[in-house]
Amino acid sequence: MSLIDLMIRRLSMNSPRPREESERGIRVLRRIVTMTVLVLFTVVPMAVISPVAPAAAQSQDRVIISGDWDGDGVDTYGIVDTSTDPMTWYLTNRYDNYWIDNLAPDTVFTYGARGAQPIVGDWNNDGSDTPGVFVRTGGTPSWQLRNSNSSGSANVTFGYGAASDTQPLVGDWDGNGSDTIGFINTTSNPFTWYLRNSNTTGTANVTFTYGSGSASSVYFATGDWDGNGSDTPAVALPITNGPFQWHLRNSNTSGVATSGVRFNPVTPLKLMQFNLSGGILNNGTYPIIGRIVREVQARRPDVISLNEICDRQYAHLVDQLAAAGYAMQGYFQESRTFVPDCIVFPDTRNEAGNAILVRADVTQRKGYMFTTGHKLEEREQPVVTEERSVACVVANFPPANQPVKACSTHLADGDASGAQAETRELTRVFGPEANSMPFILMGDLNLTPDDAAVGTLYYPDGSGNFWETDTYWSSCVGEDGMCEPVRGGRATRVGGTRKIDYTFVSRDHFSVPIAGVDIIDAGNCDTHPCSDHLIIHSSVNLYLPRKAP
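Residues numbered from 1 in each chain as written. Predicted model: local features only at pLDDT ≥ 70, side-chain atom pairs only at ≥ 80, totals over all residues. Heavy atoms only, no water.

**Considerations on the sheet that holds strand β22 (residues 376–378)**
Reasoning step 1: With respect to topology, seven strands assemble into an open sheet ordered β22-β21-β23-β24-β25-β29-β26, the strand pairing being mixed. With one partner strand each, in any of the chains shown, β22 and β26 (466–468) form the two edges of the open sheet. When strand polarity is set aside, the average angle formed by the axes of neighbouring strands in this sheet is 25 degrees.
Reasoning step 2: Pairing geometry for strand β25 (residues 439–444) and strand β29 (residues 501–506), over five bridges, is antiparallel. (Pairing = 2+ DSSP bridges. Helix = DSSP H or I, 4+ residues; strand = E, 2+ residues; numbered from the N terminus. Axes fitted to C-alpha atoms, helices over the stretch in contact; angles between N-to-C directions.)

Written out as structure tokens, the structure is:
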């Protein structure tokens, strides 16, 4: 039973009210308790509501909405992608106790022609909010409403409003149980809200001002934020490359925000990191590849990073994954040429390096080499004295369909100063990219998390732009799972105590669920251990893309 249900049971126990009245009370109580729990864990109070346009303003192709999608009495969040035709609606019914922006949508469907303005309301009084669109045909406003959260055509269509009205609204303004219409004048500053208590032509019943700033970088929503039965306003601001920050007000009056929360739908991704020791332990043979294929079939990762893999093993892996019905695209970047451990006669392929594979369409493949002076250069071909490399691809993962860069690397072994210099090069070269686009960096750094050089990648317990997926493991306290992100994590060597393998994701584009990492032993391949490293599986969430206006 959830914390919310426990609180409701305790508060509603031995109620002397009639059943119908009690159920209405519990419905309102659920709204209040849910918002109270949300405040305890996620709300950031706002002193003023005078938003300034962010550094990277966003277009209106991601429109904020809110409503009670499942009829449980609780308003939750959603986003409509108006760039698709018909438009795509992403709705969530849940709250995460700590990271409100970590939620994948519960319902996804299409409704409304591209170019229309999304609206939400309980049009048929069944207790659930459903979609609608506001369009202008020849300058005449038209409201087109649907009674279910599914794809299809409008159930109700009518006209209301003037040709000059810009931002339509829907809500139960007076608490009588019926959703009615309104508009916001976004050309004034602060914004003026005009609300009407019936779905008929006429003048506004309520007028007030709330929110300010550039209308092109502010999103508008309404909802019953405090459970009193009346819908009230909200404005949402995009955090640069991060989730939306919602500013909520609990009355239809001029004033400042009462509270705030964060939310943005995400695309869940599964990541796998493995140093398979393809040459030294596996002599370029294929049993280790069979073990990887079985692991992929069981876990179905979206991105795989492999270190110390021979070129012949990489080619065999790609073929075997396709044959198993799990085709992946990727890139192999050699680190060394003429590696005797990789040669299996009569096959004379002799290279070893890193590989990155993705379950997505690859748009770019890039190779990088570390020089003997530990500098990182973008080129595919190593010289004889070089031994370390980075393999990268840029791919589009549905449904977000935004470019994500994923890289695999293996740094200097037995040379701490060399590995430190190479780690700082990763930060220098890839840090700025991770600030501007979704970036996944995995591999064997041959350094432990407490090393100062590794700290240049970590956020926030460091100076870098990356979350590390196992960073929460040693810092969760108590049954509530509240964790402070610190550098650390479990050992990644077989039978060892050192963590030297990592999975990093750019902090502004991904969220990292707590306890989202599983580290396992690969077992034996024929008569020897498959590897001297463990397999690392991580779950991350990729935010939906942000686009410039």
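Anyway, onward from the coordinates.
**Description of the confidence of the model for the protein**
Reasoning step 1: For the protein, the mean per-residue pLDDT works out to 82, and 81% of the residues sit at or above 70.
Reasoning step 2: Across residues 1–60, confidence stays below pLDDT 50; counting only partners more than four residues off in sequence or on other chains, it has 109 contacts. (pLDDT = per-residue confidence, 0-100. Contact = heavy atoms within 4.5 Å.)

**So, the packing of aromatic side chains**
Reasoning step 1: Scanning the model with the defined rule gives 19 aromatic pairs in all.
Reasoning step 2: Here W143 and F158 contribute two aromatic rings whose centre-to-centre distance is 6.1 Å and whose plane-to-plane angle is 0 degrees, an arrangement assigned as stacked. Here the residue W143 occupies a position in strand β7 (residues 140–145), and F158 occupies one in strand β8 (residues 156–158), the gap between them amounting to 15 residues.
Reasoning step 3: The exposure class of F158 is partly exposed, given its relative accessible area of 23%.
Reasoning step 4: Taking the centre distance of 5.5 Å and the plane angle of 10 degrees together, the rings of Y502 and F504 count as stacked. Considered together, Y502 and F504 belong to a single accessibility category, that of buried residues.
Reasoning step 5: Grouped by ring-pair contacts, the aromatic residues Y368, F430, F439, Y458, F466, Y502 and F504 constitute a single cluster.
Reasoning step 6: Its end group placed over the ring of Y326, R359 keeps NZ or CZ at 4.0 Å from the ring centre.
Reasoning step 7: Over the aromatic face of Y459 sits the side chain of R507, whose NZ or CZ is 4.0 Å from the ring centroid. (Phe/Tyr/Trp six-rings, centres within 6.5 Å; stacked < 30°, edge-to-face > 60°. Buried < 20%, exposed > 50% of the residue type's maximum accessible area, 1.4 Å probe, protein only. Lys NZ or Arg CZ within 6 Å of the ring centre and 35° of its normal.)

**Topic: the state of the cysteines**
Reasoning step 1: All told, the structure shown has three disulfides when counted by the stated rule.
Reasoning step 2: One disulfide bridge connects C392 with C407, the sulfur atoms lying 2.1 Å from each other. When the S-S torsion is 115 degrees, as for the bridge of C392 with C407, the disulfide is right-handed. Placement of the pair is C392 in strand β23 (residues 389–396) and C407 in strand β24 (residues 403–410), with a sequence separation of 15 residues.
Reasoning step 3: Taking the relative accessible area as the measure of exposure, C392 reaches 1% and is therefore buried.
Reasoning step 4: Disulfide partner of C525: C530, at an S-S distance of 2.0 Å. Its S-S torsion of approximately 100 degrees makes the covalent link between C525 and C530 right-handed.
Reasoning step 5: For C525, a relative accessible area of 2% translates into the label buried. (Disulfide = S-S within 2.5 Å.)

**What about the sheet that holds strand β9 (residues 167–171)?**
Reasoning step 1: Ordered by their spatial adjacency, four strands build an open sheet running β9-β10-β11-β12, and the pairing between neighbours is antiparallel. Either end of the sheet is taken by a strand with one partner, and the two such strands are β9 and β12 (206–209). The mean angle between the axes of side-by-side strands here comes to 25 degrees, regardless of whether they run parallel or antiparallel.
Reasoning step 2: Sheet topology note: the strand β11 (residues 192–195)/β12 ladder contains four bridges and is antiparallel. Its bridge partner being in β12, W193 is matched across the sheet by F208.

**A look at the packing of helix α3 (residues 287–299) against helix α4 (residues 311–323)**
Relative placement of two packed helices is described by the angle separating their axes and the distance separating the axes.
Reasoning step 1: One can describe the packing of α3 onto α4 by two numbers: an axis separation of 10 Å at closest approach and a directional angle of 40 degrees. For the element pair α3 / α4, the angle class is oblique. Seen along the crossing, α3 lies across α4 with a hand that is right-handed. Across the interface between the two elements, I288, I289, I292, V293 and V296 of α3 pack against Q313, H316, L317, Q320 and L321 of α4.
Reasoning step 2: Classifying every residue of the contact of α3 with α4 gives seven nonpolar, three polar and no charged. (Parallel < 35°, antiparallel > 145°, perpendicular 65-115°, else oblique. Left-handed = near helix turned anticlockwise from the far one by under 90°. Nonpolar A, V, L, I, M, F, W, Y, C, P; charged D, E, K, R; others polar.)

**A few points about the pattern of salt bridges**
Reasoning step 1: Going through the model one piece at a time under the given rule, you end up with 13 salt bridges.
Reasoning step 2: Between D532 and R493 there is a salt bridge, with its nearest N and O atoms 3.4 Å apart. Taken together, the positions of D532 in the loop between β33 (528–529) and β34 (535–543) and R493 in the loop between β28 (482–483) and β29 put the pair 39 residues apart, joining distant regions of the chain.
Reasoning step 3: Residue D508 is joined to R507 by a salt bridge in which the shortest nitrogen-to-oxygen separation is 3.7 Å.
Reasoning step 4: Given the relative accessible area of 16%, D508 is considered buried.
Reasoning step 5: In this structure R507 comes out as partly exposed when scored by relative accessible area, which is 24%. (Salt bridge = Lys/Arg side-chain N within 4 Å of Asp/Glu carboxyl O.)

**Looking at unusual backbone geometry**
Reasoning step 1: In this structure, the amide linkage connecting F345 to the following residue, P346, adopts the cis form with an omega of 10 degrees.
Reasoning step 2: Position of P346 relative to the elements: it lies in the loop between β19 (329–336) and β20 (352–358).
Reasoning step 3: The step from Y459 to P460 runs through a cis peptide bond, and the omega angle for that step is 0 degrees.
Reasoning step 4: Here P460 shows up in the loop between β25 and β26.
Reasoning step 5: Located in the positive-phi region is F338, a residue other than glycine, with phi close to 55 degrees.
Reasoning step 6: Note on placement: F338 falls in the loop between β19 and β20.
Reasoning step 7: Even without glycine at this site, D526 takes up a positive phi of about 60 degrees.

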